[in-house]
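A closer look at the structure
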Amino acid sequence: MTGIEPLSAIAELFAGPGARDYLGETVTIGEHMRQAGALAEAAGAAAPLVAAAVLHDVGHLHGETDARHGTAGAQWLSQWFGPAVTEPVRLHVAAKRYLCAAEPGYFGLLSPESVRTLALQGGPMTPEQATAFEALPCARDAVAVRRWDDQAKDPAVAAPGFGHFEPLLAGLLRSQGSWTGR
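To keep things clear, this report deals only with the structure shown in the data block. (Residues numbered from 1 in each chain as written. Predicted model: local features only at pLDDT ≥ 70, side-chain atom pairs only at ≥ 80, totals over all residues. Heavy atoms only, no water.)

This part covers the packing of aromatic side chains. If you walk through the whole model with that rule in mind, you get three aromatic pairs. Aromatic pair F14 and F162: ring centres 4.7 Å apart, planes at 35°, arrangement tilted. Highlighted residues: F14 in helix α1 (residues 6-15) and F162 in helix α10 (residues 162-172), separated in sequence by 148 residues. Of the two residues examined, F14 and F162, each falls in the buried class. (Phe/Tyr/Trp six-rings, centres within 6.5 Å; stacked < 30°, edge-to-face > 60°. Helix = DSSP H or I, 4+ residues; strand = E, 2+ residues; numbered from the N terminus. Buried < 20%, exposed > 50% of the residue type's maximum accessible area, 1.4 Å probe, protein only.)

Below you can see the structure in the form of structure tokens.
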């Protein structure tokens, strides 16, 4: 994909596959991701974390489901963004498993679809897995993305369009191949 303008490629995913239903949720995948980005902005998160929130489910837009979508999305995004964006994307599924193990009551906050996918993603972490997760450099950011992910499923919320996030994303692009950013 070298030479393809990254923001156009991402925008096309939001406009195409992002307009699909979101695995049994009440919003589309694109609405869900934009809601997560808006929640990160409202929380005053740093730009890379806002980007991670708005891009966290990009792996779903490439057809990945359940446990692999975080890794697949992070890998695809890594051609344009650094680890401050891609690692929380990669780890947001693990963060759900971690929170189910580490935080009493968290499981009760999950949507029915999120409960279903939790089983496919390996279920709650063991104490050893939770300790190892906590030691990861981006674990805290992944947990923040996960919390916005959980909240970003409200059909009554009008999230900003993808264009709202483009300047923020453009500012985080790294030079890659023939594309040198904006």
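Here the focus is the pattern of salt bridges. Inspection of the entire model under this criterion finds five salt bridges. Where E103 meets R147, a salt bridge forms, and the shortest distance between an N and an O atom there is 2.5 Å. Separated by 44 residues along the polypeptide, E103 in the loop between α6 (83-102) and α7 (112-120) and R147 in helix α9 (residues 139-151) bring together distant segments of the chain. Of the residues examined, E103 reaches a relative accessible area of 26% and is grouped as partly exposed. Assessed through its relative accessible area of 31%, R147 is described here as partly exposed. The partner of D150 in a salt bridge is R146, with the nearest N and O atoms 3.0 Å apart. (Salt bridge = Lys/Arg side-chain N within 4 Å of Asp/Glu carboxyl O.)

Once that is clear, we can look at the environment of P6. Within the secondary structure layout, P6 lies in helix α1. For P6 and W80, which are 74 residues apart along the polypeptide, the C-alpha to C-alpha distance reads 6.9 Å.

Our next topic: the packing of α6 against α7. Direction vectors running N to C along α6 and α7 enclose 100°, while the axes themselves pass 11 Å from each other. In terms of their interaxial angle, α6 and α7 are classed as roughly perpendicular. Side by side, α6 and α7 meet where K96, R97 and C100 of the first sit next to S114, T117 and L118 of the second. Among the residues forming the contact of α6 with α7, the class breakdown is two nonpolar, two polar and two charged. (Axes fitted to C-alpha atoms, helices over the stretch in contact; angles between N-to-C directions. Parallel < 35°, antiparallel > 145°, perpendicular 65-115°, else oblique. Contact = heavy atoms within 4.5 Å. Nonpolar A, V, L, I, M, F, W, Y, C, P; charged D, E, K, R; others polar.)

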